[in-house]
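Working through the structure, step by step
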Amino acid sequence: MPAALLALAIGAFGIGTTEFVIMGLLPEVAATYSVTIPSAGLLISGYALGVVVGAPLLTAVGSRWSRKRLLIALMALFIAGNVLGAIAPTYGLLMTGRIVAALSHGAFFGVGAVVAASLVAPAKQASAIAMMFTGLTVANVLGVPLGTALGQALGWRSTFWAVAVLGVIGLVGIIALVPELPRDTQTDLRHELAVFKRPQVWLALAMTALGFAGVFASFTYIAPMMTEVAGFSSGMVTWLLVLFGVGLVAGNLFGGKAADKSLMPSLYGILAALAAVLFVFTFTAHSQIAAAITILLFGAAGFATVAPLQARVMDKAEGAPALASAANIAAFNLGNAGGAWLGGLAIEHGLGYTAPNWIGAVLAIAGLGVAVYSGLLDRRKRVLVQSR
């Protein structure tokens, strides 16, 4: 794999760490600003909103720039957001820093996926995308636990400074290693927007939103599920999340290789596997050993979807993939928010902490249904072309 993929993965690692590490530092942040835990939790919602808005907006604004130049600008914005968060004297400025950092998130992954795919032969593009997203998965295994430990030991601001340093390393790597790819002079903002007239692009985005809604319907409530249902101690939750992260890494790499061999059949199989694992989790959550095994499989199935889903939207947005690729990152985050909301709604209505699992399974099945329909449209188009 090209060395440039390492620079992209480092950037992804920093972004993934800053997105999720705040979850483990909410008590410290709340204490600093004398706000409630739910109010501090809005820093997570604010970040997600920043991703949804920033992904298409910054990609569109930077459509006239070379992709390397745009990646450099996005990483600089990410660093600025984290530095602002580290020095923020008020809660409002911390929220501003979170949103500034989040604005770069979707566009970085969207444009980065296009760059990663352009660095390798067509038969290895999904694997290249998966390699870049490995930075995000490793962030869950190493970055989040280490960042949480650092923040608890030296104060939460130290975590923001550490993530800013990661951003600087990623920025230097992009400048040094990512080639100056020629900009497609035929592709402008109007051309990028035109791909959204294609129904298959919207179907690809729907697959992403539904599939990841299934993941986050369950994952959002993994801690209370494991402590209240499985009977684990609160201290064991960190190790269960590490186990989940190991599954993420393995699933991400598997999904990329499988998609390179056969994209749509891989998506069918992975989404079906995700639905099955989530359904089974409803029952295995009552046993510690079975729950731990299922968490590992859940991480693998959940992130095995990422590279194929990203490759699918880029394939259907052929000729102008950058904006659609960034929109797919927004779709991931919409799925995250929607799944978490539905899972929480089930718990609030007294359905229990395992209810988010079967809700996630239903959402994954809905994503599979969209994928099958999209595949049938592909087949129908091929038949029509062959019959002419």
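Everything below is about the structure shown above.
Presented here is an overview of the structure given in this document. (Residues numbered from 1 in each chain as written. Predicted model: local features only at pLDDT ≥ 70, side-chain atom pairs only at ≥ 80, totals over all residues. Heavy atoms only, no water.)

1. Considering the overall build of the protein
- Helices and strands together make up the secondary structure of the protein, namely 16 helices and 0 strands.
- Taken over the C-alpha trace, the protein has a radius of gyration of 20 Å; the compact-globule value for 388 residues is 21 Å, and the two agree within 12%.
- Buried positions account for 54% of the 388 residues belonging to the protein.
- One way to put it: in the protein the 20 positive side-chain charges average out to a point 9 Å from where the 12 negative ones average out. (Helix = DSSP H or I, 4+ residues; strand = E, 2+ residues; numbered from the N terminus. Rg over C-alpha atoms; globule rule 2.2 N^0.38 Å. Buried < 20%, exposed > 50% of the residue type's maximum accessible area, 1.4 Å probe, protein only. Lys, Arg positive; Asp, Glu negative; His and termini not counted. Charge placed at Lys NZ, Arg CZ, Asp CG, Glu CD.)

2. Here's the deal with the side chain of glutamine 200
- Relative to the helices and strands, glutamine 200 resides in helix 9 (residues 199–219).
- Of the polar contacts made by the side chain of glutamine 200, one reaches the side chain of aspartate 378; its length is 3.0 Å.
- Setting aside its immediate chain neighbours within four residues, glutamine 200 contacts Arg312, Lys316, Ser374, Leu377 and Asp378. (Polar contact = N/O pair within 3.5 Å; in protein donor to acceptor, adjacent residues only side chain to side chain. Contact = heavy atoms within 4.5 Å.)

3. Brief notes about the nonpolar core
- If you look at the biggest cluster of nonpolar residues, it comprises 93 residues, and the most contacted ones within it are Leu8, Met226, Phe281 and Phe298.
- Sort the elements by how many residues they give to this core and helix 5 (residues 91–118) lands first, with 11 residues.
- What phenylalanine 298 contacts, discounting residues up to four positions off in sequence, is Val215, Ser218, Phe219, Phe244, Leu274, Val277, Leu278 and Phe281. (Core = buried A, V, L, I, M, F, W, Y, C linked by side-chain atoms within 4.5 Å.)

4. Considering the pattern of salt bridges
- Here the structure, examined in full by the defined rule, presents 2 salt bridges.
- Arginine 312 is the salt-bridge partner of aspartate 378, the closest N and O atoms lying 2.9 Å from each other. Taken together, the positions of aspartate 378 in helix 16 (residues 355–387) and arginine 312 in helix 14 (residues 306–316) put the pair 66 residues apart, joining distant regions of the chain.
- We classify aspartate 378 as buried; its relative accessible area is 13%.
- Of the residues examined, arginine 312 reaches a relative accessible area of 2% and is grouped as buried. (Salt bridge = Lys/Arg side-chain N within 4 Å of Asp/Glu carboxyl O.)

5. Some thoughts on the packing of helix 9 against helix 13 (residues 288–304)
- The N-to-C vectors of helix 9 and helix 13 enclose an angle of 150 degrees; their axes lie 9 Å apart at closest approach. On the basis of the axis angle, helix 9 is roughly antiparallel to helix 13. Note that helix 9 runs across helix 13; the crossing there is left-handed. Packed against helix 9, whose contacting residues are Phe212, Val215, Ser218 and Phe219, the element helix 13 presents Phe298, Gly302 and Phe303 at the interface.
- Residues belonging to the contact of helix 9 with helix 13 are distributed by class as follows: 5 nonpolar, 2 polar and no charged. (Axes fitted to C-alpha atoms, helices over the stretch in contact; angles between N-to-C directions. Parallel < 35°, antiparallel > 145°, perpendicular 65-115°, else oblique. Left-handed = near helix turned anticlockwise from the far one by under 90°. Nonpolar A, V, L, I, M, F, W, Y, C, P; charged D, E, K, R; others polar.)

6. Quick look at a nonpolar patch on the surface
- Together, Phe279, Val280, Phe283, Leu351, Trp358 and Val362 make up a nonpolar patch on the protein surface, roughly 610 Å² of accessible area in all.
- Looking at the nonpolar patch, the elements that each hand over two or more residues are helix 12 (263–284) and helix 16.
- Here the nonpolar patch takes 3 residues from helix 12, the largest share from any one element.
- Of note, phenylalanine 279 is situated in helix 12. (Patch = residues over 30% accessible without salt bridge, like charges linked within 9 Å, V, L, I, M, F, W, Y side chains within 5 Å. Areas by Shrake-Rupley, 256 points an atom, 1.4 Å probe, with all protein chains shown as cover.)

7. Overview of the side chain of threonine 17
- Checked against the element boundaries, threonine 17 lands in helix 1 (residues 4–20).
- Overall, threonine 17 belongs to the buried group, its relative accessible area being 4%.
- A distance of 2.8 Å separates the side chain of threonine 17 from the backbone oxygen of phenylalanine 13, its partner in a polar contact.
- Apart from the residues within four sequence positions on either side, threonine 17 is in contact with Ala139, Gly143, Val144 and Val163.

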